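As a plain string of letters, each chain reads:
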Amino acid sequence: NAGVTQTPKFRILKIGQSMTLQCTQDMNHNYMYWYRQDPGMGLKLIYYSVGAGITDKGEVPNGYNVSRSTTEDFPLRLELAAPSQTSVYFCASSYYPIRAASTDTQYFGPGTRLTVL
Amino acid sequence: EDKVVQSPLSLVVHEGDTVTLNCSYEVTNFRSLLWYKQEKKAPTFLFMLTSSGIEKKSGRLSSILDKKELFSILNITATQTGDSAIYLCAVGLNTGNQFYFGTGTSLTVIP
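It should be emphasised that the depicted structure is a prediction, and the values quoted were computed from it without experimental measurement.

Trainee: For this particular structure, what's the right way to read the overall build of chain A?
Mentor: Secondary structure assignment for chain A yields zero helices and 11 strands. Counting helices and strands in the order they occur from the N terminus, chain A gives β-β-β-β-β-β-β-β-β-β-β. In terms of overall dimensions, chain A is globule-like: its C-alpha atoms have a radius of gyration of 14 Å, near the 13 Å expected for 117 residues. By its C-alpha atoms, chain A is 40 × 30 × 25 Å across when sized along the principal axes. The buried share of chain A, reckoned over its 117 residues, is 46%. For chain A, restricting intrachain contacts to residue pairs at least 6 apart in sequence, the fraction spanning at least 24 positions comes to 56%. Carbon and sulfur atoms form 53% of the exposed surface of chain A, whose accessible area is close to 5,600 Å². A gap of 8 Å separates the mean positions of the 10 positive and 8 negative side-chain charges of chain A.

This is the structure:
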């Protein structure tokens, strides 16, 4: 298994540009998440999805959009990039078929470092 | 508002020392507490804790949860330079399957 993969690894955007961060997992996980991590800070949840066709906002959703058309893919869209969106973005997934805490482990992708100038 | 606080923010120790990292939380509908190690890239999973008083152990690392006092500790004994990393604590909730992360503790182990 490749696990959780993210592309691109790095990207520089100009203010107002748009882009999509790709995330794919091959573990058949129901749950997928997008986090951002600013320097010296913990991870903040942007959006998450509990299955194909279902998405929900996390702590910091403004300026982002997501979709989940398949179990494997969970792309994150930035429509009008702003300097405040300069961050490292992590995608994660977990398998959570029922409310069973024993399956809480999250697997993280390698991250995308985004700079908005 | 749900909150996860880690302390200390950073720590510098010598090889062979023992360290204790703290994570306290104030959340509604607690389900689990997770510890991660983050080196240069993505966090990697260390432990998941759901029950009070039951120690989880993996080599030189161990962790325990106190659900009454709302905190967890991560112990690392006989530290090595490879233990240098940011250690993240996250709390999972029963509602919405969200995870709230602390800001992390940066550990540096000096030879």
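Once the structure has been displayed, the description carries forward.
Trainee: Whenever I open this one, the packing of aromatic side chains confuses me. Can you help?
Mentor: The description of an aromatic ring pair rests on the distance of the ring centres and on the angle between the ring planes. The tally for this structure, following the rule as stated, stands at 11 aromatic pairs over all chains. Residues A:F108 and B:Y36 carry aromatic rings whose centres are separated by 5.5 Å and whose planes lie at 90° to one another, so their mutual orientation is edge-to-face. In this pair, A:F108 sits in strand β10 (residues 107-108) while B:Y36 sits in strand β4 (residues 30-38), so the two residues belong to two different chains. In terms of burial, A:F108 and B:Y36 fall into one category: buried. When the ring of A:F108 is compared with that of B:F101, the centres are 6.3 Å apart and the planes differ by 80°; the resulting orientation is edge-to-face. Of the two residues, A:F108 is situated in strand β10 and B:F101 in strand β10 (residues 99-101); the pairing between them involves two chains. A residue is classified by how much of its surface remains accessible, and A:F108, at 11% relative accessible area, is buried. The class for B:F101 is buried, based on a relative accessible area of 9%. Lying across the ring of A:F74, A:R68 places its NZ or CZ 6.0 Å from the centre.

Conventions used here
Residues numbered from 1 in each chain as written. Chains lettered and ligands numbered in written order. Predicted model: local features only at pLDDT ≥ 70, side-chain atom pairs only at ≥ 80, totals over all residues. Heavy atoms only, no water. Helix = DSSP H or I, 4+ residues; strand = E, 2+ residues; numbered from the N terminus. Rg over C-alpha atoms; globule rule 2.2 N^0.38 Å. Buried < 20%, exposed > 50% of the residue type's maximum accessible area, 1.4 Å probe, protein only. Contact = heavy atoms within 4.5 Å. Areas by Shrake-Rupley, 256 points an atom, 1.4 Å probe, with all protein chains shown as cover. Lys, Arg positive; Asp, Glu negative; His and termini not counted. Charge placed at Lys NZ, Arg CZ, Asp CG, Glu CD. Phe/Tyr/Trp six-rings, centres within 6.5 Å; stacked < 30°, edge-to-face > 60°. Lys NZ or Arg CZ within 6 Å of the ring centre and 35° of its normal.

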